[in-house]
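Breakdown of the fold
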Amino acid sequence: MTQTAIRFFGLGLGPGHPDYMTVRARKVLETADRLAHFCKRGKRGNARTIADAIVGAEPEREIALVYPVTTEIPADHPDYAATLKPFYEAAAAQLLAETEAGRTVALLCEGDPFFYGSFMHLWWRLKDKVPTEVVPAVSGMSGAWTRAGAPITWGDDVLTVVPGTLPETELTRRLSGTDAAVVMKLGRNLPKVRRALASAGLLERAIYVERATMAEEQIIPLHDLPDTMEAPYFSLIIVPGQGRRV
């Protein structure tokens, strides 16, 4: 039986440093006909920046998928979904047309494609229309706890991953019932996340990690950060577990 040729790739590029990219990801990156990436208007995408060490600027291969909105509208506001849905529909149609013309398309993803990734919005629209492969990657949180020298779970520790966009009461509830935690999507939510961690009794263990594995990396105990600070996109908080050790 002849295997159907893959035309669409969700390409996980890892936490930031190109050395953490998988062999499979690098192979696809070097050979795909088109390299698609999400970005803000007027800026290069984060995933495309990670790929710079492997592939330079190649305008004939690149497809920039420019978000119509990022943080200007709260994610729980009806206008957010109303704005992004047609954008994802149009992006899926554009990439599908490329594959139907016989070209292979790699959609570049920072971290792992199936972990809080915009890629997933195109994946479920295209997976039944075009032969697809998702290339997994080292996640940003794995890069963060490794670079921080903070084993995240010991023995029977339970790890909880939460987005900082949750209401403060819900963050506190979920953090109060876990042994170890990773808090994603910080940004302007950082002060709220700090309060929730304090309420859950986890503030002293919490570590802020920004741009893990990258040249601009910062690893700081959370209680040492300014109370009113906002965090950039590539940032998260880890709370290592304290479970069974022998």
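Please read all numbers here as calculations on a predicted model, not as lab measurements.

As a further point, take the packing of aromatic side chains. As enumerated under the stated definition, the model contains ten aromatic pairs in all. Relative to Phe87, the ring of Tyr67 lies with its centre 5.6 Å away and its plane at 50 degrees, an arrangement referred to as tilted. Note that Tyr67 is positioned in the loop between strand E3 (62–66) and helix H3 (78–100) and Phe87 in helix H3, a separation of 20 residues in sequence. Given the relative accessible area of 13%, Phe87 is considered buried. Linked through ring pairs, Phe8, Phe114, Phe119 and Trp123 together constitute an aromatic cluster. Its guanidinium or amino end placed over the ring of Trp123, Lys127 lies 5.4 Å from that ring's centre, counting from NZ or CZ.

This brings us to the sheet that holds strand E8 (residues 207–210). Read across the sheet, five strands follow the order E6-E7-E10-E8-E9 without closing on themselves; strand pairing throughout is mixed. The two strands at the open ends of the sheet, each matched to only one other strand, are strand E6 (159–163) and strand E9 (218–221). Going across the sheet, the axis of each strand differs from the next one's by a mean of 20 degrees, ignoring polarity. Of the pairings in the sheet, the one linking E8 to strand E10 (residues 235–239) comprises four bridges and is antiparallel in character. By the bridge assignment, Tyr208 is partnered in E10 with Ile237. In the packing of helix H5 (residues 140–147) onto the sheet, the strands contacted are E6, strand E7 (180–184), E8, E9 and E10, and the crossing angle to E10 comes to about 60 degrees. Those strands touched by helix H6 (residues 168–176) are E6 and E7, and its axis lies near 170 degrees from that of E6.

The next thing to look at is unusual backbone geometry. At Tyr116, a position not held by glycine, the phi torsion is positive, near 55 degrees. Here Tyr116 shows up in the loop between strand E4 (105–109) and helix H4 (119–126). Unlike most non-glycine residues, Lys185 shows phi in positive territory, near 50 degrees. Structurally, Lys185 is set in the loop between E7 and helix H7 (190–199).

About the criteria used
- Residues numbered from 1 in each chain as written.
- Predicted model: local features only at pLDDT ≥ 70, side-chain atom pairs only at ≥ 80, totals over all residues.
- Heavy atoms only, no water.
- Phe/Tyr/Trp six-rings, centres within 6.5 Å; stacked < 30°, edge-to-face > 60°.
- Helix = DSSP H or I, 4+ residues; strand = E, 2+ residues; numbered from the N terminus.
- Buried < 20%, exposed > 50% of the residue type's maximum accessible area, 1.4 Å probe, protein only.
- Lys NZ or Arg CZ within 6 Å of the ring centre and 35° of its normal.
- Pairing = 2+ DSSP bridges.
- Axes fitted to C-alpha atoms, helices over the stretch in contact; angles between N-to-C directions.
- Contact = heavy atoms within 4.5 Å.

Treat this as a map of the structure, not an account of what it does.
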